Amino acid sequence: MTPDMRLSKPLDTERFVGDLNPEAVIREKLDVTAENHLRDRIGLWINPSAMQGDEGARNHASRVFPKRSPAVESQTVASFSQCRHMSVTRAFERLPLATQSRLIPIYFSKVNHILPLVDQKSFACAHAAGTTSVFLERAMCLVAAKDSAAHPHLRLAINGPLLSPRAFCSEIYNGLVFVMNDGLESDRITRIRALALMSLHCEGYEGAEAASMHICQAIHQAQTVGLHLDRPGRVSKDPLSDLFWCLWTLDKMHASIGGRPVLLADRDIGIKKPAWENLQARTAFDVWLAITELLSSVISLYRPTADPTVGWETGFPTFEETIGDNVRDDLDFDTLVGLLELFYHAVGILSCRYKPSERPDASKPSYTRQNLAAIRICSIAATECGRTLPPLPIVPYALALSMGVSYQQLRSSKLITHFDRARASLEACCSLLEDIGSCWYSAEAMARLGRKALHQIQEVRSDPGQRRRDLKSQAESQTDQPETSASCPSLPTHEGACCVGDAPPISSTPGPGDPSGANGAQSMVSGGFADIDILFGDFLDLSLPTNFWDPVFFSDTHTHT
């Protein structure tokens, strides 16, 4: 799933920018000479020599990273050191009992039965004796804090202020990062558990990268102590085996969310996966593991050598087949019909593979599965489970995938009724993502992107004729410019937009009851939708690194309502 490395030159001679990053679009338009960049199937390899002669890039860099005097540099280093010291100091302090007593039970009831990263029995004994790792406690609270039931209890000190979920999580997370990087947790198994829990947190446009790094570190530590190997006397369902298979599932989850290679190869694993067919009743983790196996198969469709137009057409199991005939009686509705089915339908969306620049073949079973999965995800999140879904990153990811499908439908609709239906689905996904945006940065970022698309749709539909006149005037003005300037159309006036390139075709057939509907849709293709096409289209492509929260796109962007 990584781009092919070009080893004919030193590794530092070229920089890769995936198509998911808007910089790839801008740079490809600006660098008109072929030697400045090399086009890959999934992005650009940029020659640094092109950057050296790019006056605009130097000017931009000087604004973003201005030169500082030695005195200012010294103050900056001192300030960073002070903040780091305070974060580490706070990380050693136990959270208030009122906070722990609420968040830790939420963690075990909402998360740990799905992902048994922590051995509940041994933790309960150690917690009662006051000997549990303060870092593990904080990592568990970091995950639980995103649950709506935890919000009234998010205080870092006994008499401290009540914090928002993201502020609370950021404070805890920053301290844990310093602690783990410095190796201040002496117990290696506890370190693995804490790192795995930290990988479930994502904040900021580099959050997905940081989360992937945490799971990478956890897997590395697990391999160091041999959790993946069989040993004499080892029990197949002991807590350490559960911990390893949790890492295995999180590896696949981060590979899909972050567009990164899987780290754990099955051929290197010496212990057997749980045999579900021999179980009397499946637990939530058994179902989670079964769905992850589906995801592992789907990921193979997105590897660099795979055909980008071949999806999983036949033999895709239903959700009922995946969970089996029997499940545990204590498997609650929010877990089974909520999170686990949401996860299953997210995999169903990804099982449909086609180039974003081409119209999908509606006759393919995977295309029908994708559309139905998007509908089910919205239904689960909107009406069936609402805000009671477990606080795991699969929730905002599944909603973002559903919104991506709605956007693809909107861009390829022939009939105005289908166009309006897709627009309504897109708006519903935006609302659902906004509802959980106070907990998940990724949800807030995708909601802003969806609102941006809806805002542009409204502009086109309100006056498609004016839009076409503006585009015609823009095109005429560019014909008089030098070739180097004409290669990049003018940036749209809305904030945070990227350089506009070619967009996928859309039918020009008028829809019933709206003679200008198709023409208005055609106007959208030509006027400023290429940036959103890239982000939405590539979000459904597991082969691309997920950096769609890039500040190049979202800087100073406001939500349109």
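The structure displayed is predicted, hence computed values, not measured ones. Each chain carries its own residue numbering, running from 1 in the written order of its sequence. Side-chain atom pairs in this predicted model are given and counted only at pLDDT of 80 or more, local residue features only at pLDDT of at least 70, and totals for whole chains, interfaces and linings cover all residues. No hydrogens and no water enter the side-chain calculation; it runs on all heavy atoms of the structure.

This part is about the overall build of the protein chain. Put simply, DSSP marks the helices as runs of H or I at least four residues long and the strands as runs of E at least two long, and each gets a number from the N terminus on. Per the secondary structure count, the protein chain includes 23 helices and 3 strands. Only heavy atoms enter the contact rule, under which two residues are in contact if any of them lie within 4.5 Å. Long-range contacts, defined as pairs at least 24 residues apart, comprise 74% of the intrachain contacts of the protein chain with a sequence gap of at least 6. Only the protein chains shown count as cover for residues, and the accessible areas themselves come from Shrake-Rupley with a 1.4 Å probe. Of the roughly 25,300 Å² that the protein chain leaves accessible, carbon and sulfur atoms contribute 54%.

Take the packing of aromatic side chains next. Stacked, tilted and edge-to-face pairs are distinguished by plane angle, under 30 degrees for stacked and over 60 for edge-to-face with tilted covering the rest, among Phe, Tyr and Trp rings (Trp via its six-membered ring) whose centres lie within 6.5 Å. On inspection of all chains with the given rule, the structure shows 9 aromatic pairs. Seen in terms of ring centroids, phenylalanine 244 and tryptophan 245 are 5.1 Å apart; in terms of plane orientation they differ by 75°. Their pairing is edge-to-face. For the pair formed by phenylalanine 244 and tryptophan 245, the shared burial category is buried. Measuring from ring centre to ring centre gives 5.9 Å for tryptophan 245 and tryptophan 248, while their planes differ by 70°; the resulting arrangement is edge-to-face. Of this pair, tryptophan 245 and tryptophan 248 both sit in helix H11 (residues 239–258), 3 residues apart, which is roughly one turn of the helix. Across this residue pair, the class does not change: tryptophan 245 and tryptophan 248 are buried. Following the ring pairs from residue to residue traces out a cluster consisting of Trp312, Phe316, Phe319 and Tyr344. It is lysine 146 that lies over the ring of tryptophan 440; its NZ or CZ is 5.2 Å from the centre. Burial classification: accessible surface area is computed with a 1.4 Å probe over protein chains only, and a residue below 20% of its type maximum counts as buried, one above 50% as exposed, and the rest as partly exposed. A positively charged side chain is recorded as over a ring if its NZ (Lys) or CZ (Arg) lies within 6 Å of the ring centre. The angle to the ring normal must also be within 35 degrees.

Looking now at empty space enclosed by the protein. With a 1 Å grid laid over protein atoms only, a set of points is called a cavity when a 1.4 Å probe fits there but cannot get out and a pocket when it is open yet has protein on both sides within 12 Å along at least five of seven lines; lining residues have an atom within 4 Å of a point. Grid points are joined across faces, edges and corners, and a volume is the space filled by probe spheres set on the points. Considering all chains together, one arrives at 6 cavities of 30 Å³ or more under this definition. By volume, the second largest cavity is sized at about 150 Å³. If you trace the second largest cavity, you find it lined by Lys146, Asp147, Ser148, Gly386, Arg387, Leu389, Pro390, Pro391, Val395, Ile436, Cys439 and Trp440. For the lining of the second largest cavity, the residue count by class is 7 nonpolar, 2 polar and 3 charged. The split into domains, and so the bounds of each, comes from an automatic or database assignment of domains. Both domains that meet at the lining of the second largest cavity, namely domain 1 (83–271) and domain 2 (278–463), each give it at least three residues. Residue polarity follows a fixed list, in which Ala, Val, Leu, Ile, Met, Phe, Trp, Tyr, Cys and Pro are nonpolar, Asp, Glu, Lys and Arg are charged, and the others, Gly among them, are polar.

Buried Ala, Val, Leu, Ile, Met, Phe, Trp, Tyr and Cys residues form a nonpolar core when they are joined through side-chain atoms within 4.5 Å. Residues Tyr107, Leu117, Val118, Met140, Leu197, Trp288 and Leu340 are the most contacted members of the largest nonpolar core, which totals 125 residues. Element by element, the count of residues in this core is highest for helix H16 (residues 394–412), at 11 residues. In terms of domain composition, this core takes at least three residues from each of domain 1 (83–271) and domain 2 (278–463). Those residues in contact with leucine 197, other than ones at most four positions away along the chain, are Tyr107, Leu117, Val118, Leu136, Ala139, Met140, Leu142 and Val143.

Turning our eyes to something else, we now look at the environment of leucine 97. Counting through the fold element by element, leucine 97 comes out in helix H5 (residues 97–112). For the pair leucine 97 and alanine 157, spaced 60 residues apart in sequence, the C-alpha to C-alpha distance is 9.4 Å.

So, about the pattern of salt bridges. Just to be clear on terms, a salt bridge is a Lys or Arg side-chain nitrogen sitting within 4 Å of an Asp or Glu carboxyl oxygen. Counting across every chain of the model gives 14 salt bridges. A salt bridge links glutamate 341 to arginine 376; its shortest N-O distance comes to 2.9 Å. Here glutamate 341, found in helix H14 (residues 333–350), pairs with arginine 376, found in helix H15 (residues 365–384); they are 35 residues apart in sequence, far enough to count as distant. For glutamate 341, a relative accessible area of 9% gives the class buried. Between arginine 451 and glutamate 427 there is a salt bridge, and its shortest N-O distance comes to 3.7 Å. A residue pair is termed long-range when its members are at least 10 positions apart, and arginine 451 in helix H18 (residues 441–462) and glutamate 427 in helix H17 (residues 416–435) qualify at 24 residues. Taking relative accessible area as the criterion, glutamate 427 reaches 40% and is therefore assigned partly exposed. What you see here is one network of salt bridges that share partners, running through Arg166, Glu203, Glu444 and Arg448.

Only the stretch in contact is used when fitting a helix axis, every axis being a line fitted to C-alpha atoms; angles between N-to-C directions are given from 0 to 180 degrees. Interaxial distance between H11 and helix H12 (residues 284–299) falls to 10 Å at its minimum, and their mutual angle equals 40°. When the interaxial angle is binned, H11 and H12 end up oblique. Here H11 runs over H12; the crossing is left-handed. Residues Asp242, Trp245, Cys246, Trp248, Thr249, Lys252, Met253, Ala255 and Ser256 of H11 touch H12, and the partners they reach there are Phe285, Trp288, Leu289, Thr292, Glu293, Leu295, Ser296 and Ile299. Angle categories: roughly parallel below 35 degrees, roughly antiparallel above 145, roughly perpendicular from 65 to 115, and oblique for all the rest. Crossings are classed by handedness, with left-handed meaning an anticlockwise turn of the near helix from the far one by less than a right angle and right-handed meaning a clockwise turn.

Attention now moves to the packing of helix H9 (residues 188–198) against helix H10 (residues 207–224). The relative placement of two packed helices is expressed as an angle between their axes plus a distance between the axes. Relative orientation of the contacting elements H9 and H10 amounts to 155°, with a least axis distance of 8 Å. Classed by the angle they form, the pair H9 and H10 counts as roughly antiparallel. Pair H9 / H10 crosses with left-handed handedness. Residue-level contacts link Arg188, Arg191, Ile192, Leu195, Ala196 and Met198 of H9 to His214, Ile215, Gln217, Ala218, Gln221, Ala222 and Thr224 of H10.

A few words on the side chain of lysine 110. Assignment of secondary structure puts lysine 110 in helix H5. N or O atoms within 3.5 Å of each other form a polar contact, as long as, within protein, one can give a hydrogen and the other can take it, and as long as residues adjacent in sequence are counted only when both atoms are side-chain atoms. A distance of 2.8 Å separates the side chain of lysine 110 from the side chain of aspartate 147, its partner in a polar contact.

With that settled, consider helix H7 (residues 134–144). The buried count for H7 comes to 11 of 11 residues, which makes it a mostly enclosed element. Every buried residue of H7 is accounted for by Val134, Phe135, Leu136, Glu137, Arg138, Ala139, Met140, Cys141, Leu142, Val143 and Ala144. Of the residues flanking the start of H7, the one acting as N-cap is serine 133, its side-chain oxygen 3.2 Å from the backbone nitrogen of phenylalanine 135.

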